[in-house]
Amino acid sequence: MTAGVPGGRPADLYIGIGEPGVPYGPMWAWQVARARAVAAREAPEAIVLVEHAPVYTLGRASDPASLLRDEASYVASGAEVHWIDRGGDATWHGPGQVTGYPILDLTRDPVRPRDIHRHVWNLEACMIDVAASYGIEAGRAAGRPGIWVGDAKLAAIGIKVTRWVTFHGFGLNVSPDLSWFEGIVPCGLHGFGVTSLGMLLGSAPPIREVSDRLVAALGTRFGIDPGPEMVIPLSR
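Residues numbered from 1 in each chain as written. Predicted model: local features only at pLDDT ≥ 70, side-chain atom pairs only at ≥ 80, totals over all residues. Heavy atoms only, no water.

> Requested: an account of the sheet that holds strand β5 (residues 90-93), with residues and values cited.
Spatial strand order, β4-β3-β5: three strands in an open sheet with mixed pairing. Two strands bound the open sheet, and with one partner strand each, they are β4 (80-83) and β5. Averaged over all pairs of adjacent strands, the angle between strand axes in this sheet comes to 20°, irrespective of strand direction. Relative to β5, strand β3 (residues 55-58) is paired through four bridges, and the arrangement is antiparallel. The residue of β5 that forms the bridge with Thr57 is Thr91. Where helix α1 (residues 24-39) meets the sheet, its contacts fall on β3, β4 and β5, and the angle it forms with β4 comes to roughly 30°. (Pairing = 2+ DSSP bridges. Helix = DSSP H or I, 4+ residues; strand = E, 2+ residues; numbered from the N terminus. Axes fitted to C-alpha atoms, helices over the stretch in contact; angles between N-to-C directions. Contact = heavy atoms within 4.5 Å.)

Given below as structure tokens:
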């Protein structure tokens, strides 16, 4: 069950959790099209939460050295590689991680319209809230994007804004195989680890439960009232 803010801005809710994993390329193309439609006032804002098939993504300013192997070796291991248009450096998405794509019109923010820093702060706050709901004290770290528990990253953030509409978003580690991160320098930050809710708790909560808590946190932080859950209409 999910919850939002009664009387908040309506938004479509799309959930794609579970095997075989949502393919990255079609999901990216869908986001771009939906962001354009939201900017043109031809479609509602949207909250999208998915569990991807394994994929490494690198943002528009990524250092190629963040990939520790050649791209063919990643593909041979079962992961795609995509160079994309978001901010941030290298990261991984895949099974055991909730990847979130809030497609929101910043001109409709009733508190501080067109405030990109506020949007990122709210994304961070949502994941801090969800971690706290499991008794985990997570937080921000100066000079290190994402959400951290000590020196280990629990969640990554990277967004793009076009015509004041946001897309891309975050990846919150619930129970992934953390060895996937060994093939990259996560977010371009050397000397730091990666963690997950499962590692911190000793056993992982159900990923669907985590996604429900994320929807509730996103609704509260952004003043959104998500509609009934829908299937993502992707061309695979």
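> Before we move on, could you go through the environment of Asp12 and cite the residues and values that matter?
Along the chain, Asp12 turns up in strand β1 (residues 9-16). One polar contact links Asp12 to Arg34, side chain to side chain, over a distance of 2.6 Å. (Polar contact = N/O pair within 3.5 Å; in protein donor to acceptor, adjacent residues only side chain to side chain.)

> Lay out the pairing of strand β10 (residues 165-173) with the relevant residues and their values.
Counting buried residues along β10, nine of its nine residues qualify, which places the element largely inside the surrounding structure. Pairing analysis gives four bridges linking strand β6 (residues 97-103) to β10, with the strands arranged antiparallel. What sits directly across from Thr99, in β10, is Gly171. The pairing of strand β9 (residues 152-162) with β10 spans eight bridges and is antiparallel. Considered in β10, the bridge of Val161 is made with Thr166. Joining the antiparallel neighbours β9 and β10 is a turn of two residues, in which Arg163 adopts a positive phi near 50°. (Buried < 20%, exposed > 50% of the residue type's maximum accessible area, 1.4 Å probe, protein only.)

> I'd like a description of the environment of Thr91, backed by residues and values.
Summarising the element assignment, Thr91 is placed in strand β5. Once residues within four sequence positions are removed from consideration, Thr91 is found in contact with Val55, Tyr56, Thr57, Arg86, Ala156, Phe181 and Ile184.

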